[in-house]
Amino acid sequence: MVPRAFPDTYTLRSHGRARTCDYRVFIEKNGCPVSPFHDIPLYEDKDSHVFNMVVEVPRWTNEKYEISRTNTLNPIHQDQAGGVPRYVRNRYPHHGYIWNYGALPQTWEDPNYVHPDTDAKGDNDPIDACDIAQAVSYAGQVKQVKILGILGLIDSGETDWKLIVIDVRDPMAQNMHDIDDVDRIMPGFLTATREWFRLYKVPDGSPPNDFAYDGNYQSKTFARGVIEECHRAWDKLIVGKSESGQISCTNVTVDKSPFRIDPGDLDIPKDEHLKPAPRPKVIDEWFFIPARDVPGEHQG
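Scoring rules and cut-offs
- Residues numbered from 1 in each chain as written.
- Predicted model: local features only at pLDDT ≥ 70, side-chain atom pairs only at ≥ 80, totals over all residues.
- Heavy atoms only, no water.
- Salt bridge = Lys/Arg side-chain N within 4 Å of Asp/Glu carboxyl O.
- Helix = DSSP H or I, 4+ residues; strand = E, 2+ residues; numbered from the N terminus.
- Buried < 20%, exposed > 50% of the residue type's maximum accessible area, 1.4 Å probe, protein only.
- Core = buried A, V, L, I, M, F, W, Y, C linked by side-chain atoms within 4.5 Å.
- Contact = heavy atoms within 4.5 Å.
- Expected span 1.5 Å × (residues − 1).
- Arc of directions from axis to C-beta.
- Polar contact = N/O pair within 3.5 Å; in protein donor to acceptor, adjacent residues only side chain to side chain.
- Phe/Tyr/Trp six-rings, centres within 6.5 Å; stacked < 30°, edge-to-face > 60°.
- Lys NZ or Arg CZ within 6 Å of the ring centre and 35° of its normal.
- Lys, Arg positive; Asp, Glu negative; His and termini not counted.

Regarding the pattern of salt bridges
For step 1, the next point in the chain: Under the definition given, this model contains 17 salt bridges.
For step 2, the next point in the chain: Where Lys201 meets Asp155, a salt bridge forms, and the shortest distance between an N and an O atom there is 2.8 Å. On the criterion of sequence distance, the pair formed by Lys201 in the loop between helix H2 (189-199) and strand S17 (210-211) and Asp155 in strand S15 (residues 142-155) is long-range, its members being 46 residues apart. Neither residue differs from the other here; Lys201 and Asp155 are each classed as buried.

Written out as structure tokens, the structure is:
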């Protein structure tokens, strides 16, 4: 069965130079800026379990782009470390991110909630998604995905769920319905994904990350339950029932939200097409990490 086509109604508005702390990518729908955190619906087709995903980092790239918590309308920006743009290092045998990486809108991993299975609080972000489709996406793309499973990462002591999803338009999507299908069709890829998340901070001097469930992936049914849990948490956030901290809840579509404003009241920068900042050396560096050099690892 060929999945039906979904309209590409979202466009982008960029401001500043890529690879700088000032860079912002705003998402628009029908010419009106919207929040990828709050305004884009979680479901594209709820009955068919088709979700919207906002791509933050395209596959094979290193810039750690993410949906901003604090800026009005939550544009995509580059995370910072020590006041400079942050990059994920290349670790053998990979270059940058090995999937199209992003998040599901209208979800929130509540930092006030300790999940009983992970024994850790949420990371204060929308739930993350790894799109394993063949096509390389772009930062700010809104795509439609099906859920295949989930990995329970514990990153810096916080619950940081990683959904495994696939673009419904990808040819492989017709034969992928649950997490076991990924191992069957792409043997070794789930293991590579787990190791990527376990070690991605090691080149920067951090210890390996841990996982819930002994690092075992959970099914699509379990994953959908986590998504609904994070959606309910977002729902409390957007109506003011949860402490928002520094999260900007400004939105233009959520009727029940006290943070909704008229689009005409927005002061969003005009679209710019500026040349990116020079390519930093770190993008082309490559790290090989022998097991003996990983803290806590032991040779057999």
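So, the environment of Pro93
For step 1, the next point in the chain: Locating Pro93 in the fold gives a position in the loop between strand S10 (90-91) and strand S11 (100-103).
For step 2, the next point in the chain: Residue classification places Pro93 among the exposed residues on the basis of a relative accessible area of 55%.
For step 3, the next point in the chain: Expressed as a C-alpha distance, the spacing of Pro93 and Phe287, which sit 194 residues apart in the sequence, is 8.8 Å.

What to know about the nonpolar core
For step 1, the next point in the chain: Of all hydrophobic cores here, the largest spans 55 residues; its most connected members are Trp99, Ile132, Ile164, Ile166, Met176, Trp196 and Phe197.
For step 2, the next point in the chain: Apart from the residues lying within four places of it in its own chain, the contact partners of Ile166 are Asp131, Ile132, Ala133, Gln144, Val145, Lys146, Leu148, Met172, Ala173 and Met176.
For step 3, the next point in the chain: If you look at the next biggest cluster of nonpolar residues, it comprises 18 residues, including Met53, Val165, Ala223 and Ile227.

Quick notes on helix H3 (residues 220-238)
For step 1, the next point in the chain: Compared with the 27 Å implied by 1.5 Å per residue over 19 residues, the 26 Å span of H3 between its first and last C-alpha is a close match.
For step 2, the next point in the chain: Among all positions of H3, only Ala223, Val226, Ile227, Cys230, His231, Ala233, Trp234, Leu237 and Ile238 are buried. Across the axial projection of H3, the buried residues extend over an arc of 160°, all falling on one side. Exposed side of H3, more than 90 degrees from the buried face: Thr221 and Arg232 are the residues found there.
For step 3, the next point in the chain: Its buried side turned inward, H3 meets strand S5 (50-57), S15 and strand S16 (158-167).

Observations concerning the side chain of Arg13
For step 1, the next point in the chain: In this structure, Arg13 sits in strand S1 (residues 10-15).
For step 2, the next point in the chain: What makes Arg13 buried here is its relative accessible area of 16%.
For step 3, the next point in the chain: In this structure the side chain of Arg13 is engaged in a polar contact, spanning 3.2 Å, whose partner is the backbone oxygen of Pro269.

Digging into the packing of aromatic side chains
For step 1, the next point in the chain: By the definition in use, this model includes 17 aromatic pairs.
For step 2, the next point in the chain: Here the aromatic residues Tyr97, Trp99, Tyr101, Trp196, Phe197 and Tyr200 are joined through ring pairs into a cluster of three or more.
For step 3, the next point in the chain: The ring of Trp60 has Arg59 sitting right over it, with the charged end atom 5.7 Å from the ring centre.

A short note on unusual backbone geometry
The general pattern is negative phi for most residues beyond glycine and trans for most peptide bonds.
For step 1, the next point in the chain: The step from Tyr92 to Pro93 runs through a cis peptide bond, and the omega angle for that step is 5°.
For step 2, the next point in the chain: Even without a glycine there, the phi angle at Ser156 is positive, about 55°.
For step 3, the next point in the chain: The residue Ser156 is located in the loop between S15 and S16 in this model.
For step 4, the next point in the chain: For Asp214, which is not glycine, the phi torsion reads 55° and is therefore positive.

So, the side chain of Arg59
For step 1, the next point in the chain: Position of Arg59 relative to the elements: it lies in the loop between S5 and strand S6 (65-67).
For step 2, the next point in the chain: Comment: no salt bridge for buried Arg59; closest opposite-charge side chain is Asp131, at 5.8 Å.
For step 3, the next point in the chain: In terms of polar contacts, Arg59 uses its side chain to reach the backbone carbonyl oxygen of Gln134, at 3.3 Å.
For step 4, the next point in the chain: Once residues lying within four places of it in the same chain are set aside, the contact partners of Arg59 are Tyr97, Ile98, Trp99, Asn100, Asp131, Ile132, Ala133, Gln134, Ala135 and Val136.

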